[in-house]
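Each chain is listed here by its residues.
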Amino acid sequence: MASSLTKDSVTPGTPGTEKTFFGHPRGLATLFMTEMWERFSYYGMRALLPLYLVAPGGLGLNAGTATAIYSVYLSLVYLLTMPGGWFGDRVWGPRKTVAIAGGVIMLGHLTLALPSSGTFYAGLGLVAIGSGLLKANISTMVGQLYDGPDDPRRDGGFTVFYMGINLGAFVAPLTIGTIGESVNWHLGFALAAVGMGLGVLQFLIGSRHLAPHSSVVPKPLSAQEKSSTLRKAAFWAALAVVFYAIVGFSGHYTLNWILVPLTLLGVIIPVLVLTNIKRDKSLDRAEQSKMSAYIWFFVAAAVFWMIYDQGGSTLSLFADSSADNSVFGWSFPVSWYQSVNPVIIMALAPVFATLWMALARRGKEPSTVVKFCGGLVLVGASFFLFLAPLGIAEGGHKAAAMWLVAIYFVQTCGELMLSPVGLSVTTKMAPVKYASQMMGVWFLAVTAGDATTGLLSIAGVNLNKTGIVAAEATLAVVAGVAIWMYRKRVKQLMGDVR
């Protein structure tokens, strides 16, 4: 996307210069481009991951194990946004944390490019760590560009930022996916490293346009806290090393010794984190009330992402084995399906943003609660639609590619109802004490959803079966309707946030 910098007036006190980026603070351009390149590397690797895991020339795993690894990996990426936010709040500040994170992600992709199964899993771990450090902090810096929660440009700014995510996600499967599938898997992973390198370079050059307080550590660790944190980290690391050494040398080690604990952590930790924040007695009554309302949004998002993220695993593996991946006789790589969602977002995100602003001027914009309900119902509808190609495949035929495109289209409309609004409402409702960490809490909803998918796969549940797909679709629709029925109560808990 070409940047559009024009002379424009800005709200007094808003960070940035007189120049704007689509009417937003100029720093949004820096964060837009950084996130675009990071998503290029991430989604390119992600498009290849499940296919590489099952390919004879890859790791040659079965579909259930591949789905479990994919889901656990995604769960881990978003789980690590919580400590990522903590580093931004307590150690490095958001800006420095993002710069370091980019370097770790690039190293991870380079490790994935090495032709060894051992280094492959190490590379996944590095990319997950870097992504966790980056995601919570870069979203926080977007919020810092605006003049408080009531800045009318705030929701639109997050939507523009979201388009940067999807521009990178669109190009990645077409380039990284094609090279990985058609030329060499590891060359595709190497190309992802190049993309992340460009993202880091761009961030360092453009960081002067960011809000000055993005370099500030909001609550730096004291010397005593640093010592205590290091001791605890060393203890748990040593415990893990000893445990897995015993399991390995005793001959009992299997991949599930890694997958099961990580999926359980992906479900348990989000609950513990929300409980800990809710019980914090230093929060005033208004902050406590907002946190009670936020739990509703969190649960809704977890259900949404549980289904939505199967677009890269369940749907991708279905396409690999049971779909006719061609249009008018022209065949294309399976990884290209992963470009359908971002290209639809880029087409529809401005439409949604314009619609919300037009309705807001007339006092008719749907509330955040209603938008969330719409997102849940739509993602449920996408899996009801999935029942059609499943039926075709069970009849011994190849399902047409357009069935999958239609599923991704419905999911994307649901995403535009829920995800940008979720990012924005998190920054609005976050207690001051948990500013960056609350972005990590938002991403823990993805962790909970993906961990649930991982647990189902590990338990041997075939996620491409009609009954399972219908059950997931019904769960999403029922959850959406239930939240809509309690919308007045949730609005009361939100206080002054709309």
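Preceding block: the structure.
Keep in mind that what you see is a predicted model, and the values were worked out from it rather than measured.

If you had to explain the side chain of N341 to someone new, which residues and values would you point to?
Topologically, N341 is positioned in helix α12 (residues 340-361). In contact with N341, not counting residues within four places along its chain, are N166, Y308, T412 and E415.

Describe the environment of S331, listing the residues and the values that go with them.
Within the secondary structure, S331 is located in strand β6 (residues 330-331). Overall, the relative accessible area of 54% leaves S331 in the exposed class. In sequence terms S331 and S227 are 104 residues apart; their C-alpha atoms lie 58 Å from each other. The contacts of S331, once residues within four sequence positions are left out, are N325 and S326.

Quick rundown of the packing of helix α4 (residues 94-112) against helix α5 (residues 117-144)? Include the residues and the values.
Here α4 crosses α5 at 155°, and the two axes come no closer than 7 Å. Taken together, the axes of α4 and α5 lie roughly antiparallel to each other. Crossing hand, α4 versus α5: left-handed. Residue classes in the contact of α4 with α5 are distributed as 17 nonpolar, eleven polar and one charged.

Please set out the pattern of salt bridges residue by residue, giving values where relevant.
Evaluation of the coordinates by the stated rule reveals four salt bridges. Among the salt bridges present, the one from R46 reaches D309, with a minimum N-O distance of 3.8 Å. Taken as a pair, R46 in helix α1 (residues 27-54) and D309 in the loop between α10 (285-308) and α11 (314-322) lie far apart in primary sequence, 263 residues in all. Given the relative accessible area of 8%, R46 is considered buried. Given a relative accessible area of 6%, D309 falls into the buried group. We note a salt bridge from R90 to E225, for which the minimum N-O separation is 2.9 Å. Taken together, the residues R90 in helix α3 (residues 81-90) and E225 in helix α8 (residues 223-249) connect sequence positions 135 residues apart.

Lay out the environment of L134 with the relevant residues and their values.
Its location among the elements puts L134 in helix α5. C-alpha of L134 to C-alpha of E35: the two residues are 99 residues apart in sequence and 9.1 Å apart in space. If we skip the residues at most four places from it in the chain, L134 touches E35, E38, V98, A101, G102 and I105.

An account of the packing of aromatic side chains is requested, with residue identities and associated values reported.
In this structure the tally under the stated criterion is 26 aromatic pairs. Taking 5.6 Å as the distance between ring centres and 65° as the angle between the ring planes, the aromatic pair formed by Y52 and W185 counts as edge-to-face. With a gap of 133 residues between them, Y52 in helix α1 and W185 in helix α7 (residues 185-206) connect regions that are remote in the sequence. Assigned by exposure class, Y52 and W185 land together as buried. Geometrically, the ring pair formed by W305 and Y308 is edge-to-face, given 5.1 Å between the ring centres and 90° between the ring planes. You can see W305 and its partner Y308 sitting in helix α10, three residues apart, about one turn around the helix. Members of the aromatic cluster, connected to one another through ring pairs, are Y52, F120, Y121, W185 and F189. We note K371 situated over the ring of W356; from NZ or CZ to the ring centre the distance is 4.3 Å.

About the criteria used
- Residues numbered from 1 in each chain as written.
- Predicted model: local features only at pLDDT ≥ 70, side-chain atom pairs only at ≥ 80, totals over all residues.
- Heavy atoms only, no water.
- Helix = DSSP H or I, 4+ residues; strand = E, 2+ residues; numbered from the N terminus.
- Contact = heavy atoms within 4.5 Å.
- Buried < 20%, exposed > 50% of the residue type's maximum accessible area, 1.4 Å probe, protein only.
- Axes fitted to C-alpha atoms, helices over the stretch in contact; angles between N-to-C directions.
- Parallel < 35°, antiparallel > 145°, perpendicular 65-115°, else oblique.
- Left-handed = near helix turned anticlockwise from the far one by under 90°.
- Nonpolar A, V, L, I, M, F, W, Y, C, P; charged D, E, K, R; others polar.
- Salt bridge = Lys/Arg side-chain N within 4 Å of Asp/Glu carboxyl O.
- Phe/Tyr/Trp six-rings, centres within 6.5 Å; stacked < 30°, edge-to-face > 60°.
- Lys NZ or Arg CZ within 6 Å of the ring centre and 35° of its normal.

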